[in-house]
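One letter stands for each residue in the lines below.
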Amino acid sequence: MPTALITGITGQDGLYLAELLLAKGYDVHGLIRGQNNPRRDLVADLVPDVRLHNGDLTDMSSLIRALRDSDPDEVYNLGAISYVAYSWENAALTTDVTGKGVLNLLEAVRLHAADEPGRVRFYQASSSEMFGKVQETPQRETTLLWPRSPYGVSKVFGHHMTINYRESYGMHASSGILFNHESPRRGHEFVTRKVTRAVARISLGLADHVTLGNLDARRDWGFAGDYVEAMWLMLQQPEGGDFVVATGETHSVRDLLDLAFGHVGIDDWTPHVRQDPRYRRPAEVDELVGDASKAREVLGWKPKVTFPELVTMMVDADLEATRQGWT
Ligand code: NAP
Ligand code: G4F
């Protein structure tokens, strides 16, 4: 039975990946931080077979202990401060966790498997935010990186460090350059979930508006459940590599509003949406759209859930959660 260690186990992707690996028969371990993490119970409810290890990406000794105690074949580094807007307010912390945390884990894995480089396969959660002020459309593995936020800069550091460990030490290290992916488990701070939760509340008469920032931003949005499969496929290849994972379609926040409100029968959402400069960013990433040809050709991966299906799934889940009082 292969063994995997996942950092970021309490997050959206950590939970989907744990479910996928458990279904494939893996022994799954997760790194969890904090003395009383409020999401510990969620992990225990959704993926009770995952064994948790206390640790933090900023604490190298905790990573070494987690590796020693789990002795994994595969390590998935999903842990990060992942909210772009927050990264301006906490740039140094974001750099420590989202950037230097990658180096800490790579080094811990290298030391753990010093007898046989490549024994432990490593996945780094890189991001389309690295493309930032895009230099080419659609974006692919070779597109010049031009990050626009402390989060994006930190991800670029982690991305290049992953490549550097592959080239320097012969590690089986892969970097998934994932475009935005969402689900009913998405954090409430991200725009898709903020909208779908608000739409559910407005449709049930519990709220009358949602306040947003830039409605013209465009993203390549896919379903998180599809994207974790690409992570796993990368680690099944004979060698590590870098892969863009995307749908190849781009939509604006306005398109998201059209679909989400339309699903509950509200065709004109303008009375329900306010805009506030407080939700605008010091430097915006205007438009992202990925070219996932390499993932399609090498990994045999393609997304299954379309953008309208994704929005419908999220609105339906938020309607149910709101009716049941879970949210
Ligand atoms: P998420 O829901 O925000 O989860 C982030 C995870 O990181 C949480 O489990 C969090 O744990 C953990 N974490 C935060 N600080 C940590 C620290 N100091 N040490 C260890 N763990 C820490 O993010 P996600 O959407 O699942 O994304 C997973 C990864 O993919 C992230 O690295 C993200 O940057 C990257 N990514 C995401 C997308 C996307 O669209 N979702 C796209 C590209 C790349 P707590 O519960 O303790 O806070
Ligand atoms: O949902 P968002 O906060 O996601 P963002 O910034 O694209 O980052 C997400 O995807 C990245 C992959 O490209 C990940 F690496 C990262 O960890 C994260 O998962 O914002 C999407 C767009 C932005 O242009 C933002 O300005 O929506 C715009 N937006 C407009 N109003 C808003 C809002 N975003 C948020 N969060 N809240 C708003 O009220």
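What counts and what doesn't
Residues take numbers from 1 onward in each chain, read along the sequence in its written order. Chains carry letters from A onward and ligands carry numbers from 1 onward, assigned in written order. Per-residue local features of the predicted model are confined to residues with pLDDT of at least 70, and side-chain atom pairs are confined, for both listing and counting, to 80 or more; whole-chain, interface and lining totals are unaffected and use all residues. Side-chain numbers come from the whole structure's heavy atoms, not from hydrogens or water. Under the DSSP-based scheme used, a helix requires at least four consecutive residues in state H or I and a strand at least two consecutive residues in state E, with every element numbered from the N terminus. With the radius of gyration taken over C-alpha atoms, the globule rule is written as 2.2 Å times the number of residues to the power 0.38. Should any heavy atoms of two residues lie within 4.5 Å, those residues are considered in contact. All accessibility values rest on the Shrake-Rupley procedure with a 1.4 Å probe; residue burial counts only the protein chains present in the view. Note on charges: Lys and Arg go in the positive column, Asp and Glu in the negative column, and His and the chain ends are not counted at all. Charge positions come from single atoms, namely NZ of Lys, CZ of Arg, CG of Asp or CD of Glu. Only heavy atoms are used to decide nearness, and a residue is near a molecule or strand if one of them lies within 4 Å of it. Pairing of N or O atoms within 3.5 Å defines a polar contact, subject to two protein rules: one partner must be a possible hydrogen donor and the other a possible acceptor, and residues neighboring in sequence count only if both atoms are side-chain atoms. We call Asp, Glu, Lys and Arg charged. Ala, Val, Leu, Ile, Met, Phe, Trp, Tyr, Cys and Pro are nonpolar, and the rest, Gly among them, are polar. The angle between two axes is taken between their N-to-C directions and runs from 0 to 180 degrees, where each axis is a line fitted to C-alpha atoms and a helix contributes only its stretch in contact. Under this scheme an angle from 65 to 115 degrees is roughly perpendicular, one under 35 degrees roughly parallel, and one over 145 degrees roughly antiparallel; angles in between are oblique. Here a crossing is taken to be left-handed if its near helix is turned anticlockwise relative to the far helix by less than a right angle, and right-handed if that turn runs clockwise. Where each domain begins and ends is defined by an automated method or by a domain database. Each of two parts loses accessible area, computed with a 1.4 Å probe, when they are put together; buried area is these two losses added. Salt bridge, as used here, is a side-chain nitrogen of Lys or Arg placed within 4 Å of a carboxyl oxygen of Asp or Glu.

## Side note on the overall build of the protein
Of the regular secondary structure elements, the protein holds 11 helices and 13 strands. Taken over the C-alpha trace, the protein has a radius of gyration of 19 Å; the compact-globule value for 327 residues is 20 Å, and the two agree within 12%. Seen through its C-alpha atoms, the protein measures out along the principal axes to roughly 65 × 45 × 40 Å. Sequence-distant contacts, at least 24 apart, represent 77% of the contacts inside the protein between residues at least 6 apart. As displayed, the protein has an accessible area near 14200 Å², and 48% of this comes from carbon and sulfur atoms. Each charge class in the protein can be summarised by its mean position, and for the 34 positive and 45 negative side chains these summaries are 3 Å apart.

## What about the site of ligand 2?
In the vicinity of ligand 2, 23 residues are found, and the nearest of them are S127, S128, Y151, R281 and E284. Backbone polar atom of V191 to an oxygen atom of ligand 2: 2.9 Å apart, as the coordinates give it. Here an oxygen atom of ligand 2 sits 2.6 Å away from a polar atom, N or O, in the side chain of E284. Here ligand 2 has 710 Å² of accessible area as a free molecule, and 96% of this is covered by the chains. When grouped by side-chain class, the residues that make up the shell around ligand 2 number 10 nonpolar, 6 polar and 7 charged.

## Brief notes about the packing of helix α7 (residues 191–203) against helix α9 (residues 253–263)
The interhelical angle for the contact between α7 and α9, taken along N-to-C directions, is 30°, at an axis separation of 10 Å. Relative to α9, the element α7 is oriented roughly parallel. Along this stretch, α7 crosses α9, giving a crossing that reads as right-handed. Within the contact between the two elements, α7 uses V191, T192, V195, V199 and I202 and α9 uses V253, L256, L257, A260 and F261.

## With respect to the domain arrangement of the protein
Bring the parts together and some accessible area is lost; that lost area is often taken as the interface size. Looking at the protein, the domain boundaries give domain 1 (3–181 + 221–245) and domain 2 (187–219 + 249–288 + 304–323). Placing the centre of domain 1 and that of domain 2 at their C-alpha centroids yields a distance of 27 Å. Carbon and sulfur atoms make up 63% of the area that domain 1 and domain 2 hide from each other, which totals about 1800 Å². Scanning the region where domain 1 abuts domain 2 turns up 2 salt bridges. A salt bridge links K304 to E229; the nearest nitrogen and oxygen atoms lie 3.1 Å apart. Where domain 1 meets domain 2, there are 5 residue pairs in polar contact (both at pLDDT 80 or more). Looking at the side of domain 1 that touches domain 2, the element that brings in the most residues is helix α4 (residues 84–89), giving 3 residues. Along the lines of polarity and charge, the residues of the side of domain 1 that touches domain 2 split into 9 nonpolar, 6 polar and 4 charged.

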